[in-house]
Amino acid sequence: MATSPFRPVPHPPPPDSSTDADLLRHLLSLSLDVSSSQHPSSSSSSPLRINPNLSSVPRNVKQLSFLFEELLLANQDEDDDHDLALPRTASLCFREILHVLHRLKVLFDDRDCRSRAFVLFRAERIANEIHEQVVDLATFLDILPLAELRVPKDVRDLLRLLRRQLRRTSPAVDPAALSLRRDVLELVAGVESGTVPDRGALRGIFRRLSLDGLRSCRHEIERLERDIDDCVVDDRSDSSIGAGGSKSPFSEAEDLAVPADFRCPISLELMRDPIVVATGQTYDRESIVRWIGSGHATCPKSGQALPHLELLPNRALKNLIARWCRDNNLPYDVADTITSTSNKQDDADGATTGTNKAALEAARMTASFLVDELATAPSTEAAHGLVHELRLLAKHGSGNRAFVAEAGAIPLLLPLLRSADAGLQLNAVAALLNLSILEANKRRIMHGDGAIDGVVHVMAEGSTWRAKENAAATVLSLCSVHSYRRRLARHPRMVEVLMQMARDGPTSAKKDAMAAILSLAGDRENTGRLVEGGVVAAALEAAGEPEVAEEASAVLAAVARRGGAEAVAEAEGAVARLVGVLRRGSDWARESAAAALVAVCRRTGASIVAELAAVPGIEWVIWELMGAGTERARRKAAALGRICRRWAAAVEAERTARFSAMSVTAASTTVA
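Quick caveat: nothing in here was measured; it's all calculated off a predicted structure.

**Details of the overall build of the protein**
Tallying secondary structure elements over the protein gives 32 helices and three strands in all. The buried share of the protein, reckoned over its 672 residues, is 51%.

Listed below in structure tokens is the structure:
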């Protein structure tokens, strides 16, 4: 979710170096802030109530504030603010509770500044996000050592009751809210079909949305406009792959023909968060995580064994899905609820359902006309306009991409990659990127005369960074076919220009370059070329930038597992940089950093383990990752812990043996 300039953001938690008294004051202040959160969706008396369980969370947090007040009052009675010293376990628990309350504050502030309609149509996501924090809060209260705290018995009883209440919460959405959402969908669908809405039904919906006057309606419209602006995806390049059962509120979702490329091969539903696995296939994150979590180690679509489990966001495809949803009046965040009933069709049915044959024929004729005109374009200006139209046509639907390619557009686009006109070059590479999403077009591009040379030329000497980013995204798209990875990496300048983008480009360019490098690293044969090209140094440098740390850490993990562990180990500051990602990175970045450290430690010997064990606080970092990381991150953290313990045991055994040998030698000398 993008951060809106209108959305309030709470103050961050205090630093770990703050005193226990400061910690309690922050906890008290934050708990009072959370307990004051109000929104029509959280009021038990409001007609719009998203979740009856979670609506009590602010009241529960208010009860928690009594504990902090008692501890501060007990300290004030002693007349010395600096003597307050909580037991270490309690202090750690309180700091974790502070982070949970901070996240709750962010979620409640975000919800409170949203429109009622936005909250209604994202009810499941909002409820799940809040419920996750409630579960964390209950967990920390469970391990809080109440017996070591000087609080009255009634406060202890209150906390025990509070723990039980938090444990009973559920993320389930109120059936009344679901019913209201269905009624809104039916009303909007009727308006779209030309039916005049019933005045009584309309008044009932407004009442259930707590819109009871002109002022509340105007306020709702203003908030809804801001929410729509937040949901609009930035069309950085039409499709920047940086990699790549309800109806919508504005249309009959079940009547939409969802393009086959936008459906997850596992669930057959519209992808909410498309990601690329090691084989280059794209799946919805939720589906593939569930597949891998159930013990599978193969690609569901191709059947190939997964050499690694990195999941790379396909930002280009996500942008295209969002654009398609917007063009069909289907908000992307609501589009994920489309049922598979309308999606369980083969590609042919998906291309024709909801779209008549005349429209398809018109699209085919349009593509053919544009390509014919491009072939005889008399000037750069004319070519510019035609390529732009082809780019727009290839943005939507596998059918359009097939029509454009079949008409012969690709051979005409490839020479334009070297155009001196910045706009023409950008449109040409963006059109090629859009076409490459279709599987059949990947082969046409790879077999095109000078295709790889042209893409490399744009990455190296492109007129704009947007053009370079689209070229890198095209490389990533082509790498989804495993056999093309080696061909692409064998180009004499491919690795060089990607390294240049990763080092010198803006953040978006670095992300695209690292994503393409990660895809190339999926083939063991490419590891040597990548290492020689300086990928380790470039990835370590990028890992220090929070915006690129995820892709850079994944690159290091992939290289380390495929023969490049020694190169990672020998790089200056590699262990310290990876540990830094473990401390401060996102969940996916920490997971990849842990995987890289495990691969390096297992493949390079005791020296790198000794360097890792010497990092201050590494035991705490590993322990924290085991408790709060993703499932794979927890496994990797456990493996790191075992490696460190075995190394320590071996060092101790060696020291003991050396001491014993010295003792025997000394005894022999004495006897002699």
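Structure's up, so let's keep going.
**Section: the nonpolar core**
Core analysis: the largest hydrophobic core is formed by 117 residues, its most contacted members being Met459, Leu488, Met494, Leu498, Met514 and Leu612. Excluding anything up to four places from it in sequence, Leu498 contacts Met459, Ala472, Ala513, Ala516, Ile517 and Leu520. Membership of the second largest hydrophobic core comes to 39 residues, among which are Phe108, Val134, Leu141 and Leu162.

**Some remarks on the packing of helix 20 (residues 451-461) against helix 21 (residues 465-478)**
Following both chains from N to C, one finds helix 20 and helix 21 inclined at 140°, their axes separated by 8 Å at the closest point. As judged from the angle between their axes, helix 20 and helix 21 are oblique. The handedness of the crossing between helix 20 and helix 21 is left-handed. Where helix 20 approaches helix 21, its residues Val455, Val458, Met459, Ala460 and Glu461 are matched on the opposing element by Ala467, Lys468, Ala471, Ala472 and Val475. Taken together, the residues of the contact of helix 20 with helix 21 sort by class into eight nonpolar, no polar and two charged.

**Concerning the confidence of the model for the protein**
Of the residues in the protein, 80% reach a pLDDT of 70 or more, and the chain-wide mean stands at 79. pLDDT under 50 marks residues 334-356. Its contacts with residues more than four places away, or in other chains, come to 44 contacts.

**Here we look at helix 29 (residues 587-604)**
An ideal rise of 1.5 Å per residue puts 26 Å on 18 residues; helix 29 measures up with 26 Å between its terminal C-alpha atoms. Counting buried positions along helix 29 yields 14 of 18 residues, so the element is predominantly enclosed. Phi for Gly605, located one or two positions after helix 29, is positive at around 100°.

**Regarding the packing of aromatic side chains**
The full count for this structure, using the stated rule, is three aromatic pairs. Plain terms: the ring middles of Phe68 and Phe94 are 5.8 Å apart, the flat faces sit at 75° to each other, and that makes the pair edge-to-face. Linking Phe68 in helix 2 (residues 57-77) with Phe94 in helix 3 (residues 88-112), this pair joins segments that are 26 residues apart in sequence. In terms of burial, Phe68 and Phe94 fall into one category: buried. Taking the ring centre of Phe118 as reference, the NZ or CZ of Arg114 above it sits at 4.3 Å. The ring of Trp465 has Lys468 lying over it, and the distance from NZ or CZ to the ring centre is 4.2 Å.

**Quick notes on a positive patch on the surface**
A contiguous patch of positive charge on the surface is contributed by Arg524, Arg602, Arg603, Arg642, Arg645 and Arg646. Looking at the positive patch, the elements that each hand over two or more residues are helix 29 and helix 32 (631-671). Overall, the relative accessible area of 52% leaves Arg524 in the exposed class.

**Thoughts on the side chain of Ser592**
Tracing the backbone through its elements, the reader meets Ser592 in helix 29. Given a relative accessible area of 0%, Ser592 falls into the buried group. If we skip the residues at most four places from it in the chain, Ser592 touches Glu310, Ser553, Ala554 and Ala557.

**Let's talk about helix 1 (residues 20-35)**
In this model, helix 1 (16 residues) spans 22 Å end to end at C-alpha, consistent with the 22 Å of a helix rising 1.5 Å per residue. Listed as buried for helix 1 are Asp20, Ala21, Leu23, Leu24, Leu27, Leu28, Leu30, Ser31, Val34 and Ser35.

**Describing the packing of helix 28 (residues 574-584) against helix 29**
What describes two packed helices is the angle between their axes and the distance between those same axes. Between helix 28 and helix 29, whose axes approach to 8 Å, the crossing angle comes to 145°. In this structure, helix 28 crosses over helix 29, and the sense of that crossing is left-handed. Taking contact as the criterion, the partners of Leu578, Val579, Val581 and Leu582 in helix 28 are, on helix 29, Ala589, Arg590, Ala593, Ala594, Ala596 and Leu597.

**Quick word on the environment of Gly564**
With respect to the secondary-structure elements, Gly564 resides in helix 27 (residues 549-570). Residue class for Gly564 comes out buried when judged on its relative accessible area of 2%. Sequence separation between Gly564 and Gly528 is 36 residues, and the spatial gap between their C-alpha atoms is 7.4 Å. When neighbours within four sequence positions are excluded, Gly564 is seen to be in contact with Thr527, Val531 and Val559.

**Here's the deal with the sheet that holds strand 3 (residues 312-313)**
Within the open sheet, the three strands sit side by side as 2-1-3. Their pairing is antiparallel. Two strands in the sheet have a free side with no partner beyond their single neighbour: strand 2 (282-284) and strand 3. In this sheet, strand 3 lies alongside strand 1 (residues 274-276) in antiparallel orientation, the contact comprising two bridges. By the bridge assignment for strand 3, Val276 is matched with Leu312.

**Some remarks on the pattern of salt bridges**
Two side chains with opposite charge may pair up if their charged atoms get near one another. One pass over the structure, following the stated rule, counts 26 salt bridges. Asp261 serves as the salt-bridge partner of Arg401, at 3.3 Å between the closest nitrogen and oxygen. One end of the pair, Arg401, is in helix 16 (residues 398-406); the other, Asp261, is in the loop between helix 9 (214-231) and strand 1, and 140 residues separate them in sequence. A residue is classified by how much of its surface remains accessible, and Arg401, at 0% relative accessible area, is buried. In this structure, Glu591 and Arg632 form a salt bridge, with 3.1 Å as the shortest nitrogen-oxygen distance. Of the two residues, Glu591 sits in helix 29 while Arg632 sits in helix 32, which places them 41 residues apart along the sequence. Linked by salt bridges that have partners in common, Arg486, Arg490, Asp523, Glu525 and Arg529 make up one network.

**Focus: the side chain of His131**
With respect to the helices and strands, the residue His131 is situated in helix 5 (residues 123-143). Exposure remark for His131: the relative accessible area of 17% places this residue in the buried category.

**Side note on the environment of Gln304**
Residue placement: Gln304 occurs in the loop between helix 10 (285-293) and strand 3. The sequence separation of Gln304 and Thr279 amounts to 25 residues, and the corresponding C-alpha distance is 7.3 Å. Contact partners of Gln304, with chain neighbours within four places excluded, come to Thr279, Ala297, Thr298 and Cys299.

Scoring rules and cut-offs
- Residues numbered from 1 in each chain as written.
- Predicted model: local features only at pLDDT ≥ 70, side-chain atom pairs only at ≥ 80, totals over all residues.
- Heavy atoms only, no water.
- Helix = DSSP H or I, 4+ residues; strand = E, 2+ residues; numbered from the N terminus.
- Buried < 20%, exposed > 50% of the residue type's maximum accessible area, 1.4 Å probe, protein only.
- Core = buried A, V, L, I, M, F, W, Y, C linked by side-chain atoms within 4.5 Å.
- Contact = heavy atoms within 4.5 Å.
- Axes fitted to C-alpha atoms, helices over the stretch in contact; angles between N-to-C directions.
- Parallel < 35°, antiparallel > 145°, perpendicular 65-115°, else oblique.
- Left-handed = near helix turned anticlockwise from the far one by under 90°.
- Nonpolar A, V, L, I, M, F, W, Y, C, P; charged D, E, K, R; others polar.
- pLDDT = per-residue confidence, 0-100.
- Expected span 1.5 Å × (residues − 1).
- Phe/Tyr/Trp six-rings, centres within 6.5 Å; stacked < 30°, edge-to-face > 60°.
- Lys NZ or Arg CZ within 6 Å of the ring centre and 35° of its normal.
- Patch = residues over 30% accessible without salt bridge, like charges linked within 9 Å, V, L, I, M, F, W, Y side chains within 5 Å.
- Areas by Shrake-Rupley, 256 points an atom, 1.4 Å probe, with all protein chains shown as cover.
- Salt bridge = Lys/Arg side-chain N within 4 Å of Asp/Glu carboxyl O.
- Lys, Arg positive; Asp, Glu negative; His and termini not counted.
- Charge placed at Lys NZ, Arg CZ, Asp CG, Glu CD.
- Pairing = 2+ DSSP bridges.

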